[in-house]
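# Residue-level structural notes
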Amino acid sequence: EAGVAQSPRYKIIEKRQSVAFWCNPISGHATLYWYQQILGQGPKLLIQFQNNGVVDDSQLPKDRFSAERLKGVDSTLKIQPAKLEDSAVYLCASSLDSPLNTEAFFGQGTRLTVV
Amino acid sequence: AQSVAQPEDQVNVAEGNPLTVKCTYSVSGNPYLFWYVQYPNRGLQFLLKYITGDNLVKGSYGFEAEFNKSQTSFHLKKPSALVSDSALYFCAVRDRSGNTPLVFGKGTRLSVIA
């Protein structure tokens, strides 16, 4: 079974530029998460999708971050414009969400450096 | 809202000794509980979960965790630590009621010394 795929692995941009990250979840997984992990901290949830609907985006900075999940499969996360404090690893995860299979599986992440 | 506390930033243990990484949680209802491990420049890897049933759950690489409802804890344990267990460990919780998010603690760095 293929895992969660993310691209790119690394990205360096200047502040005020825009950037987009892509995620392909495990096939059949209805729930998709985007997390932000700043160095030395735990992952912070940005947005949770159930199929192509948003379940929770309460911690997404909506003035600069946006995310979509077209057709309930792949997802993109965009930052526009980027700030220095957006430097972090962006993790995508997916979950089957059946009663006995609630664990999330993570991709390798995209390391964003804003200079 | 659910939350997770990992009170130790760092745990040091000698190889061959037992290890414990602590986690306490807060949810409004009943929890799903998880442990993940993160190696340098890698994503999070699932270790084990508590869903229901036996309070002692066993996971990958010889790790286990004990669910204690009265103390709202889910401590990670291993009887004999290996140097290769050195990594960052995260506890996570999800409320069973409704489609709730998976919330993580801040992580505990485990160092196993040869």
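Report follows, based on the coordinates. (Residues numbered from 1 in each chain as written. Chains lettered and ligands numbered in written order. Predicted model: local features only at pLDDT ≥ 70, side-chain atom pairs only at ≥ 80, totals over all residues. Heavy atoms only, no water.)

## Here we look at the state of the cysteines
On inspection of all chains with the given rule, the structure shows two disulfides over all chains. One disulfide in the model links Cys23(A) with Cys92(A); its S-S distance is 1.9 Å. Taking the sign of the torsion about the S-S bond as the criterion, the disulfide between Cys23(A) and Cys92(A), at about -70°, is left-handed. Within this pair, whereas Cys23(A) is found in strand E3 (residues 19-24), its partner Cys92(A) is found in strand E9 (residues 88-95), the two being separated by 69 residues in sequence. The same class applies to Cys23(A) and to Cys92(A), which are both buried. Between the sulfur atoms of Cys23(B) and its disulfide partner Cys91(B) the distance amounts to 2.0 Å. Across the S-S bond linking Cys23(B) and Cys91(B), the dihedral sits near -60°, which makes this disulfide left-handed. Residue Cys23(B) is found in the loop between strand E3 (19-21) and strand E4 (24-26), and its partner Cys91(B) is found in strand E10 (residues 87-95); the two are separated by 68 residues along the sequence. Of the two residues examined, Cys23(B) and Cys91(B), each falls in the buried class. (Disulfide = S-S within 2.5 Å. Helix = DSSP H or I, 4+ residues; strand = E, 2+ residues; numbered from the N terminus. Buried < 20%, exposed > 50% of the residue type's maximum accessible area, 1.4 Å probe, protein only.)

## Details of the nonpolar core
By size, the foremost hydrophobic cluster in this structure holds 27 residues, and its most contacted members are Trp35(B), Leu47(B), Leu48(B), Phe74(B), Leu76(B) and Tyr89(B). Looking at this core, the elements that each hand over two or more residues are strand E2 (10-14), E3, strand E5 (31-38), strand E6 (44-50), strand E8 (64-68), strand E9 (73-78), E10 and strand E12 (108-113) of chain B. Among the elements that take part in this core, E10(B) stands out by supplying four residues, more than any other. Counting residues in each nonpolar core, the second largest holds 21 residues, with Val4(A), Ile13(A), Ile79(A) and Tyr90(A) among its members. (Core = buried A, V, L, I, M, F, W, Y, C linked by side-chain atoms within 4.5 Å.)

## Examining the pairing of E9(B)
Residue and element names in this part refer to chain B. Judged by how many residues are buried, E9 sits mostly within the fold: five of six residues are covered. Pairing geometry for E3 and E9, over three bridges, is antiparallel. Its bridge partner lying in E9, valine 21 is registered against leucine 76. Across five bridges, the pairing between E8 and E9 is antiparallel. Residue pairing in the sheet places glutamate 66 in a bridge with histidine 75 of E9. Here E8 folds back onto E9, and the loop between the two strands holds four residues, one of which, threonine 72, carries a positive phi near 45°. (Pairing = 2+ DSSP bridges.)

## Looking at the interface of chain A and chain B
Across the contact, 26 residues belong to chain A and 20 residues belong to chain B. Carbon and sulfur atoms make up 49% of the area that chain A and chain B hide from each other, which totals about 1700 Å². By the criterion of area lost to chain B, the three top residues of chain A are Thr102(A), Glu103(A) and Phe106(A), representing 26% of everything that side buries. Remark: the boundary between chain A and chain B carries one salt bridge. When the shortest N-O distance is used, the salt bridge between Glu103(A) and Lys49(B) registers 2.7 Å. Viewed at the interface, chain B and chain A are joined by six residue pairs in polar contact (both at pLDDT 80 or more). Secondary structure elements with two or more residues in the side of chain A that touches chain B: strand E4 (31-37), strand E5 (44-50), strand E6 (53-56), E9 and strand E10 (104-106) of chain A. Residue composition of the side of chain A that touches chain B, grouped by class: ten nonpolar, eleven polar and five charged. (Contact = heavy atoms within 4.5 Å. Buried area = accessible area lost by both parts, 1.4 Å probe. Salt bridge = Lys/Arg side-chain N within 4 Å of Asp/Glu carboxyl O. Polar contact = N/O pair within 3.5 Å; in protein donor to acceptor, adjacent residues only side chain to side chain. Nonpolar A, V, L, I, M, F, W, Y, C, P; charged D, E, K, R; others polar.)

## Remarks on the side chain of Lys78(B)
All names here are of chain B. Here lysine 78 is to be found in strand E9. You can call lysine 78 buried: its relative accessible area is 7%. When residues no more than four places from it in sequence are discounted, the contact partners of lysine 78 are Pro18, Leu19, Tyr61, Gly62, Phe63 and Asp85.

## Description of the packing of aromatic side chains
Between two aromatic rings, the relevant description is the distance of the centres plus the angle of the planes. All names here are of chain A. Across all of its chains, the model carries 15 aromatic pairs over all chains by this definition. Judged by centre distance (5.0 Å) and plane angle (25°), the ring pair of phenylalanine 21 and tyrosine 90 falls under stacked. Taken together, the residues phenylalanine 21 in strand E3 and tyrosine 90 in strand E9 connect sequence positions 69 residues apart. Both residues of the pair, phenylalanine 21 and tyrosine 90, count as buried. (Phe/Tyr/Trp six-rings, centres within 6.5 Å; stacked < 30°, edge-to-face > 60°.)

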